[in-house]
Amino acid sequence: MLYFLLLGFLFIGSVLFIILKKININTAAMAAVMAFGIVTQGVLLNFFGMPFFLGSFGKILSIADLALWLAFLVSIGMTILKGEFRRLHYANPINRFAIGTWVAGTSICGIMFFRQFGAGAEAQALAILNAGLWVIYIWISLIGFKELGAAPFGRQAHGVLLLTTVSTQSLVLLFNTVFKEVPGFLNAALIFTGFILYFISARFILKRYGVCGWNLSKDWNNTNCIFHGALSISGLAMFKSGLIDDQAAMWFWLAVFLVFILVEAIEIIRLAGRIRNFGLKEGVFTYDVTQWSRIFTFAMFFTFTFFIESPLQAIILNTGIWIILLLLVIELYLSADALRRKHVRIPAGFRKESSI
């Protein structure tokens, strides 16, 4: 009972803060829920064990994420009542893909609700509702893909498109957590759909960067780290649903690891360029909502690695947890500082990003 009171207190406090500060929640703001949720569900749970997760500290972290998720849902609902939903969340074809964070964030919260509080029927109902949201999201994403062929939007494609895959595979994880049995054909259909969406998204993104005239420090988006994050959640979905065995999962993990190394090598070069061009403060330590995608992708790769028998597993887990927690602390500080300064802007995808 005490924990539900805490949930109510944090939820009401968050909603009042949003209203009083007149904050318009970014379409991609649910990425914070995704990042915080996978750190709690995947990183801390697997590294420290179930006793930690079900203990007081684990429950408080879960409640904080659930409260944030509910507050964001209220904020989105308010834009509908004010007649601002289309302008803020739908009009821009690129920004529209960020609605995938709503699906993935809800999936993570559904898993958290089920594991922390044993809410079976409630979590199952949420999973069904989330599946409906996913259908709507995929439909408008397909429309978005069609619109990307027209200038200037095609030249602005970036990793946010890959949220189509992330949201799809998140449903597989949600279903296989809250339902006792999930038909194999449903798992296979969703996972296959996720891969199709991955290749479609990658085609648009690579087409953008496959031409001359773009600058790494200015034009490479934070969200491009979802190249490996989408593969990590796909691998985890295949493994958890039983679609692949341990050996196949290990080979897939190796492919993800290579993509991870490639993308993060580009990120390191980009980081050096941003510091050189913009300085440490503006180039690195300036908040942008897309920065949450890096925490999510790192934490997802950590979680996938936990279930894979690899000679590198111990090194990645023992080192990765502290890197992820450090990134999370930095991002929380930058978020709090941005809120204090009311530097919350929309939409994403058209302004200079920082590299955290």
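Scope of this entry: the structure provided in the associated data block.

It is worth spelling out the state of the cysteines at this point. Tallied over the entire structure, the rule returns 0 disulfides. You can see cysteine 109 has no disulfide; the closest cysteine sulfur is in cysteine 225, sitting 20 Å from it. Exposure remark for cysteine 225: the relative accessible area of 0% places this residue in the buried category.

On to a nonpolar patch on the surface, then. On the surface, Leu271, Ile275, Leu280 and Phe285 cluster together into a nonpolar patch covering about 300 Å² of accessible area. Checked against the element boundaries, isoleucine 275 lands in helix 13 (residues 246-283).

Another aspect to go through is the packing of helix 12 (residues 226-240) against helix 13. Where helix 12 meets helix 13, the axes come as close as 9 Å, and the angle between the chain directions of the two elements is 170 degrees. What the angle tells us is that helix 12 and helix 13 run roughly antiparallel. Mapping the contact onto sequence places Phe227, His228, Leu231, Ser232, Ser234, Gly235, Met238 and Phe239 in helix 12 and Asp246, Ala249, Phe252, Val256, Val259, Phe260, Val263 and Glu264 in helix 13. Its residues assigned to classes, the contact of helix 12 with helix 13 comprises 10 nonpolar, 4 polar and 2 charged.

This part takes up the packing of aromatic side chains. Under the defined criterion, the tally for this structure stands at 24 aromatic pairs. Measuring from centroid to centroid gives 6.5 Å for phenylalanine 47 and phenylalanine 302, while their planes differ by 50 degrees, and the two rings are tilted. Of this pair, phenylalanine 47 sits in helix 2 (residues 30-48) while phenylalanine 302 sits in helix 14 (residues 292-306), and the two are 255 residues apart along the sequence. Judged by relative accessible area, which is 2%, phenylalanine 302 ranks as buried. Arranged with centres 5.3 Å apart and planes meeting at 85 degrees, the rings of phenylalanine 306 and phenylalanine 307 form a pair that is edge-to-face. You can call phenylalanine 306 partly exposed: its relative accessible area is 29%. Taken together, the ring pairs connect Phe47, Phe48, Phe52, Phe57 and Phe302 into an aromatic cluster. The ring of tyrosine 90 carries the charged tip of arginine 96 above its face, separated from the ring centre by 4.0 Å.

Next up on the list: the packing of helix 2 against helix 14. Where helix 2 meets helix 14, the closest approach of the two axes is 8 Å, and the angle between their N-to-C directions is 25 degrees. As summarised for this structure, helix 2 and helix 14 are arranged roughly parallel, according to the angle between their axes. Crossing geometry of helix 2 relative to helix 14 is assigned as left-handed. Where helix 2 abuts helix 14, its residues Ala31, Ala32, Met34, Ala35, Ile38, Val39, Gly42, Val43, Asn46 and Phe47 lie against Trp292, Ile295, Phe296, Ala299, Met300, Phe302, Thr303 and Phe306. Partitioned by chemical class, the residues of the contact of helix 2 with helix 14 number 15 nonpolar, 3 polar and no charged.

Moving on to the environment of leucine 186. The topology assignment puts leucine 186 in helix 10 (residues 184-209). We classify leucine 186 as partly exposed; its relative accessible area is 28%. Separated by 11 residues in sequence, leucine 186 and phenylalanine 175 have C-alpha atoms that sit 9.8 Å apart.

If you walk through the whole model with that rule in mind, you get 4 salt bridges. The partner of arginine 87 in a salt bridge is glutamate 84, with the nearest N and O atoms 3.9 Å apart. Taking the relative accessible area as the measure of exposure, arginine 87 reaches 56% and is therefore exposed. For glutamate 84, a relative accessible area of 24% corresponds to the partly exposed category. Glutamate 267 serves as the salt-bridge partner of arginine 270, at 3.4 Å between the closest nitrogen and oxygen. Here glutamate 267 and arginine 270 lie together in helix 13, a separation of 3 residues that amounts to about one turn. Each member of the pair, arginine 270 as well as glutamate 267, carries the same accessibility label: buried. The network of salt bridges with common partners includes Glu267, Arg270 and Arg294.

Calculation rules
Residues numbered from 1 in each chain as written. Predicted model: local features only at pLDDT ≥ 70, side-chain atom pairs only at ≥ 80, totals over all residues. Heavy atoms only, no water. Disulfide = S-S within 2.5 Å. Buried < 20%, exposed > 50% of the residue type's maximum accessible area, 1.4 Å probe, protein only. Patch = residues over 30% accessible without salt bridge, like charges linked within 9 Å, V, L, I, M, F, W, Y side chains within 5 Å. Areas by Shrake-Rupley, 256 points an atom, 1.4 Å probe, with all protein chains shown as cover. Salt bridge = Lys/Arg side-chain N within 4 Å of Asp/Glu carboxyl O. Helix = DSSP H or I, 4+ residues; strand = E, 2+ residues; numbered from the N terminus. Axes fitted to C-alpha atoms, helices over the stretch in contact; angles between N-to-C directions. Parallel < 35°, antiparallel > 145°, perpendicular 65-115°, else oblique. Contact = heavy atoms within 4.5 Å. Nonpolar A, V, L, I, M, F, W, Y, C, P; charged D, E, K, R; others polar. Phe/Tyr/Trp six-rings, centres within 6.5 Å; stacked < 30°, edge-to-face > 60°. Lys NZ or Arg CZ within 6 Å of the ring centre and 35° of its normal. Left-handed = near helix turned anticlockwise from the far one by under 90°.

Purely geometric stuff here, so don't read any function into it on its own.
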